[in-house]
Amino acid sequence: MKQAVLAVLVLTALLGVRGAEAAVATAWFTDAEVEGASRGKRPAVAVHEAPGAVGKGVWLDQPVAIDNPLLRGGQGYISFWIRPNWNGNDGKAHRLLRIGDGRNGLLVEKSAQNVLRFIMASPGTTTASRADVSHWRAGEWHHVVVVWMEFDGKPMGLPLWIDRVAVAGPIAGGTTFIDPGALDDKRIWLGDSMADAVIDELVLRNDIGPGHTDVVYRDYFRTAPYSAIRIDPEPHRVAADRRVVQGHEKQFGLEGWLVNRAEKMTDFTARYGCWGDFDAKPLIKWSTSDSKVATVDENGLVTGKTVGRCTLTAEFRDLTATYELEVIPIEQPDLCLAYVERLPRYLDEGDKKGPAVGDRVKAVAHVYNMGFRPSPAGVPVLFELFADRNRNYRIDPGEPLLAQRQTARLGALQPGGQATLTFEWRWPSEPAWVCVTVDAQGALRELCEANNQRWFLTTARPMWWGYIVEEMERFHRERTINFVGSFSTFDWAQAHAQRTELMMRDAVYPSTSPDGVRDSIYLDIIAPKPEIFAGDGDFRDVPQKPELNRSFWDGGWPNHEINHPLMYDSGVLHELGHTMLALPDLYGYPVCEHRVYLKDERGAFYAGGPLMPFITSWKCLPRTRAAGFVPCNEGYSSLMDACHLWLDESNAAKIQHFAGFRGQRFWGVQGKFVPKQNALVVLDVNDRPLPGAAVYVYHVTQNPIRDGGAKYFHDRAKFVGNTDVAGRFVFPSRTDGAWDDAETDTFDGAIAVSNPFGGAERDTAGTPSVWSVDGLLLVRIVSGVQTEFYWLDLTEFNIACFRNRDVGVYPIRTSLPPSAQPTPIVRPAIPEAIRRENLKPVAVVETTELTVRVGETFTLDGSRSHDPEGQPFVHAEWRLREGEAEPHEVTGLVYTGKATGAGELEYVFYVNDGLRVSEAVWVKVQVKE
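All of the points below concern the structure found in this document. From a predicted model like this one, the values you see are computed outputs, not experimental measurements. Every residue gets a number counted from 1 within its own chain, in the order that chain's sequence is written. Only residues with pLDDT of at least 70 are given local features in this predicted model, and only at 80 or more are side-chain atom pairs given and counted; all residues enter the totals for whole chains, interfaces and linings. Processing note: side-chain calculations cover all non-hydrogen atoms of the structure and skip hydrogens and water entirely.

1. Examining the overall build of the chain
And then number 1: A run of H or I in DSSP becomes a helix once it reaches four residues, and a run of E becomes a strand once it reaches two; helices and strands are each numbered from the N terminus. If you tally the helices and strands in the chain, you get 7 helices and 58 strands.
And then number 2: Expressed as a percentage of the 929 residues in the chain, the buried residues total 60%.
And then number 3: We call two residues contacting when some pair of their heavy atoms lies within 4.5 Å. Put simply, 69% of the contacts in the chain that link residues at least 6 apart link residues at least 24 apart.
And then number 4: Per element, the accessible surface of the chain, about 36200 Å² overall, is 50% carbon and sulfur. Think of it in three bands: residues with accessible area under 20% of the maximum for their type are buried, residues over 50% are exposed, and the middle band is partly exposed, with areas taken using a 1.4 Å probe on protein chains only. Surface exposure here means Shrake-Rupley accessible area, sampled with a 1.4 Å probe, where a residue is shielded only by the protein chains that are shown.

2. Thoughts on the sheet that holds strand β51 (residues 849-853)
And then number 1: Whether two strands pair comes down to DSSP finding at least two bridges between them. On the basis of which strands lie adjacent, the open sheet formed by 5 strands has the order β51-β58-β57-β53-β55 and mixed pairing. Single-partner strands in this sheet number two, and they are β51 and β55 (889-891). Between one strand and the next, the sheet's axes are offset by a mean angle of 20°, whatever the strand orientation.
And then number 2: Of the strand pairs in this sheet, strand β53 (residues 875-882) and strand β57 (residues 903-912) are connected by 7 bridges, and their pairing is antiparallel. Paired with Leu880 across the two strands is Tyr907, which belongs to β57. Every axis corresponds to a line fitted to the C-alpha atoms, with the helix fit spanning only the stretch in contact, and the corresponding angles, defined between N-to-C directions, vary from 0 to 180 degrees.

3. So, the environment of Val572
And then number 1: Relative to the elements of secondary structure, Val572 occurs in helix α5 (residues 570-581).
And then number 2: Given a relative accessible area of 2%, Val572 falls into the buried group.
And then number 3: In sequence terms Val572 and Ala497 are 75 residues apart; their C-alpha atoms lie 9.5 Å from each other.

4. A look at the packing of aromatic side chains
And then number 1: Side-chain rings of Phe, Tyr and Trp (the six-membered ring for Trp) are treated as a pair once their centres are within 6.5 Å; stacked means planes under 30 degrees apart, edge-to-face means over 60, and tilted covers the remaining angles. The tally for this structure, following the rule as stated, stands at 21 aromatic pairs.
And then number 2: Ring centres of Phe858 and Tyr895 lie 6.0 Å apart, and the angle between their planes is 40°; on these two criteria the pair is classed as tilted. Pair noted here: Phe858 is in strand β52 (residues 857-861) and Tyr895 is in strand β56 (residues 894-899), with a separation of 37 residues, a long-range link. Grouping residues by exposure puts Phe858 and Tyr895 together as buried.
And then number 3: The class of Tyr895 is buried, set by a relative accessible area of 0%.
And then number 4: Two conditions define a charge sitting above a ring: the NZ of Lys or the CZ of Arg must be within 6 Å of the ring centre, and it must be within 35 degrees of the ring normal. Arg164 extends its terminal NZ or CZ atom over the ring of Tyr217, reaching a point 5.6 Å from the ring centre.
And then number 5: The ring of Tyr77 carries the charged tip of Arg205 above its face, separated from the ring centre by 5.6 Å.

5. A few points about the environment of His248
And then number 1: Here His248 lies in the loop between β18 (244-245) and β19 (249-251).
And then number 2: A C-alpha to C-alpha distance of 9.5 Å links His248 and Val327, two positions 79 residues apart in sequence.
And then number 3: Once residues lying within four places of it in the same chain are set aside, the contact partners of His248 are Val302, Thr303, Gly304, Ile330, Arg479, Ile481 and Phe487.

6. Some points on the layout of surface pockets
Unoccupied space between atoms shows up once a probe the size of one water molecule is rolled over them.
And then number 1: If you add up the space inside the second largest pocket, you get close to 470 Å³.
And then number 2: Lining the second largest pocket are 20 residues; nearest its centre among them are Lys599, Asp715, Pro831, Gln871 and Asp913. With a 1 Å grid spanning the protein atoms alone, the term cavity applies to any set of points in which a 1.4 Å probe fits but cannot get out, the term pocket to an open set with protein on both sides within 12 Å along at least five of seven lines, and the term lining residue to any residue with an atom within 4 Å of a point. Grid points are joined across faces, edges and corners, and a volume is the space filled by probe spheres set on the points.

7. A few points about the nonpolar core
And then number 1: Side-chain atoms within 4.5 Å link the members of a nonpolar core, which is a set of buried Ala, Val, Leu, Ile, Met, Phe, Trp, Tyr and Cys residues. Formed by 44 residues in total, the largest nonpolar core has its most connected members in Ile78, Leu106, Leu190 and Leu202.
And then number 2: In terms of residues, this core owes the most to one element, strand β16 (residues 197-205), which gives 4 residues.
And then number 3: Discounting chain neighbours no more than four positions away, the residues touching Leu202 are Ala25, Thr26, Ala27, Phe29, Thr30, Ile66, Ile78, Ser79, Phe80, Leu97 and Leu190.
And then number 4: Val198, Leu258, Met265 and Trp286 belong to the second largest nonpolar core, which has 43 residues in total.

8. Quick word on the pairing of strand β25 (residues 301-304)
And then number 1: What you see with β25 is no split at all: Leu301 and Thr303 on one side and Val302 and Gly304 on the other are buried throughout.
And then number 2: The sheet contact formed by β19 and β25 spans 3 bridges and is antiparallel. Counterpart to Lys250 in the pairing with β25 is Val302.
And then number 3: Pairing of strand β24 (residues 294-296) with β25, which is carried by 3 bridges, proceeds in the antiparallel orientation. If you follow Thr295 over to β25, its bridge partner there is Thr303.
And then number 4: Linkage of β24 to β25, two consecutive antiparallel strands, is achieved through a turn of 4 residues, within which Gly300 is found at a positive phi near 85°.

9. Looking at the pattern of salt bridges
And then number 1: We define a salt bridge as a side-chain nitrogen of Lys or Arg found within 4 Å of a carboxyl oxygen belonging to Asp or Glu. Counted under the stated rule, the structure contains 38 salt bridges.
And then number 2: In this structure, Glu255 engages Arg230 in a salt bridge whose closest nitrogen and oxygen atoms are separated by 2.6 Å. Of this pair, Glu255 sits in strand β20 (residues 253-258) while Arg230 sits in strand β17 (residues 228-232), placing them 25 residues apart in sequence.
And then number 3: Assessed through its relative accessible area of 42%, Arg230 is described here as partly exposed.
And then number 4: The partner of Arg879 in a salt bridge is Glu889, and the shortest N-O contact between them spans 2.8 Å. Linking Arg879 in strand β53 with Glu889 in strand β55, this pair joins segments that are 10 residues apart in sequence.
And then number 5: Under the relative-accessibility criterion, Arg879 is labelled buried at 19%.
And then number 6: If you follow the salt bridges from partner to partner, you end up with Glu109, Arg117, Arg130, Asp687 and Arg813 in one network.

10. With respect to unusual backbone geometry
And then number 1: Of note, the amide linkage connecting Leu343 to Pro344 takes the cis form, showing an omega dihedral of 0°.
And then number 2: Inspection of the secondary structure puts Pro344 in the loop between β28 (335-343) and β29 (360-369).
And then number 3: The amide bond that connects Glu886 to the next residue, Pro887, takes the cis arrangement and shows omega of -5°.
And then number 4: By the element assignment, Pro887 lies in the loop between β54 (885-886) and β55.
And then number 5: A positive phi angle, close to 65°, is found at Asn114, a residue other than glycine.
And then number 6: When you line up the elements, Asn114 lands in the loop between β8 (105-110) and β9 (115-122).
And then number 7: For Asn114, a relative accessible area of 15% corresponds to the buried category.
And then number 8: Non-glycine residue Arg479 carries a positive phi angle of around 55°.
And then number 9: Along the chain, Arg479 turns up in the loop between α3 (469-477) and α4 (489-512).
And then number 10: The class for Arg479 is partly exposed, based on a relative accessible area of 29%.

11. With respect to the sheet that holds β8
And then number 1: With antiparallel pairing, 6 strands are arranged side by side in an open sheet as β5-β15-β7-β8-β9-β10. In the strand order of this sheet, the two ends are held by β5 (64-66) and β10 (125-132), each with one partner. The sheet shows a mean angle of 15° between the axes of neighbouring strands, direction not considered.
And then number 2: Looking at chain direction, strand β7 (residues 94-100) and β8 are connected through 6 bridges and run antiparallel.

And the structure:
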């Protein structure tokens, strides 16, 4: 029976039919076990083996052909590890893998331009996805994944992943991918005489489901060339107690040793789809040596059973790691350094009105006993001030002490008791670390030893974190442990702030120093405040207002529950991206619905067409370095996209470059430091400069009616021009006067905007709003008769500037062919009726109050809406803001829905003429049983 089933599966794979069991195959040299995979046969030709990523690989010194039973034209996936015998900057071409030929097929190569190229060709059209690999070094392993995919039966994009990062993923422009029926040879050819590399762990897939981040990550982890593994007692990347509390849980993770570094193989987060969903956890086997002392589940979550010691073991492939567990009793004191204030506070820290060198300042340490036994009197608290000589946002050994150490002693504290200790010091002439430590020598036996120290830079920005008193007390009273190893909400809050700091330090600093991020944050107060986690700048409902100027507070997270105390809450990290970094959501970008009103030469919308297809599922295309998803339902800069818990230098400049400027939102003025002279360098399909191409740059506009989904692009570019002989398009100092009319292009609403490129006499609707939409750009490039679109946020210029030490030069690698003649600029005609003044359209609803019953179908009619100049609406939308009814939103003038629960429904309705948006109309519907 088993043989019959296997025969059916193999036949299904050979026929290319969809099916999870038949959707994966591996090469004969793939050693890692891939679930459901059929294994290819070793070719008859002699191949040269070499040490592989796992087991043995194949030395690519000649073309090697392998069968490819899973090849499909619309969708496919190829994953492999490559160890080149050359440096990535050698200026030579190395062909690694191909199917078919240059007219109809697929090619992966390192080009002479030092770029890894993934090329998909069909008759008449070539699409290339690629990334600079000049940093590669001979003898190092790299994981490469190439994907071609369709959506709704149409060709979509070509994601290219390198070492778990989606480095590129251009839309295929509606072209046809490989036509397997026209291929004379459907085999995969590995290498040739110029490849000079070892390939290993080849995995083929033809059905990767609605999203493939999880597939890429699992293929990476199961095949990574780890030489050793080790158990990680601090898997959340911040300080955690290394012991287990009796009757409670502690999360452990795993690290893999890769070449000369250890990398995280696990993560643990709640809320949102995030990195923790796509790690190595299913591939790890956990056990303990004594289940009477402690047990462990399949994800490394240990439960302490009784006080004692035992061994925790993790197995991954043929690697094993152990860790000696200690289970401790819960009935102990726990001194927790909740936060450290810095006094005095200044009216506007944003304007750098801080202390002068030599001024006396104070550090006020707030210490709580968050344990379940009294703490004795006399426990020392140490104050130190260290110079930040290395300027790398961490205290390093050898950084000098600037002030004499000060020691104070605590009195006895009952459980829940608190004390404050004040240290006076003089403001230094250079950035310094303030470090406060409780019980530095570890003399007190206590419950958690990971919450006794706080440190922050003197130049750091103070933050306030609010909490609900009842939640704080319940957390301790019900003995709910957190991943720090304590029963303190203070620790849980501090850990989220520290994780954000860590992302900034590890992801941003390496690629931006010394001119990048110069600020950091610290929690200056953790104080009671109802209904909010982080301060929101509005204290009207706060019974006791802090004695601080409101400029210390930022928009925050309106949620007052701890989602999962043993995990990071991705939602909170996301909101800290707003609060600490002022990064915006980019809902509706690019094309999940009508948000792009650009039209082609025939007058048809690009959106929904082959060059800009609608995407209805956020899982359809991958996260990328450039700007969240390409394209997707909701666009985020990388740190905001599911919090991007995997840390990568691509996050550089997503957190911006805040050298010397902090306003009311401190870090929220992304465009202020974009270099004033910016240029795109447009490269053609062969990575050569593309001269004479027509470039149109559109800025996103913010709909003032609501935030979510309210960003859109109108069909009047802000900057227009041609690339020069070097393929450069230099942004002009002024917007396009022949197209962009400041007098008629008025921004609806009172959101202040600035023009990072400078020079405009006044800001207009399309000027990037660095407060609200991150200066998002849509770039249309035309070469001859072919057009491509690129989504670009202004911070990409920062990456290019600080990484390459160039002045705002950003490369765009297109799939466009060169044109023999310069491509002319074409501007759609602006109707005379709106040239002098374009008035808002008027939204009209017949009935704004209505009473219905549960289950009853009702209609809301906005068809009498009109535009003063007689322009047709490009968009009309109804959205349910309060209550229970279906559907929640409707695109069009008329809403027909059904109430699903009693109460009040509240709808908002507006219309858009392509440039301006109407005032909102609010409709209330009373629903009775």
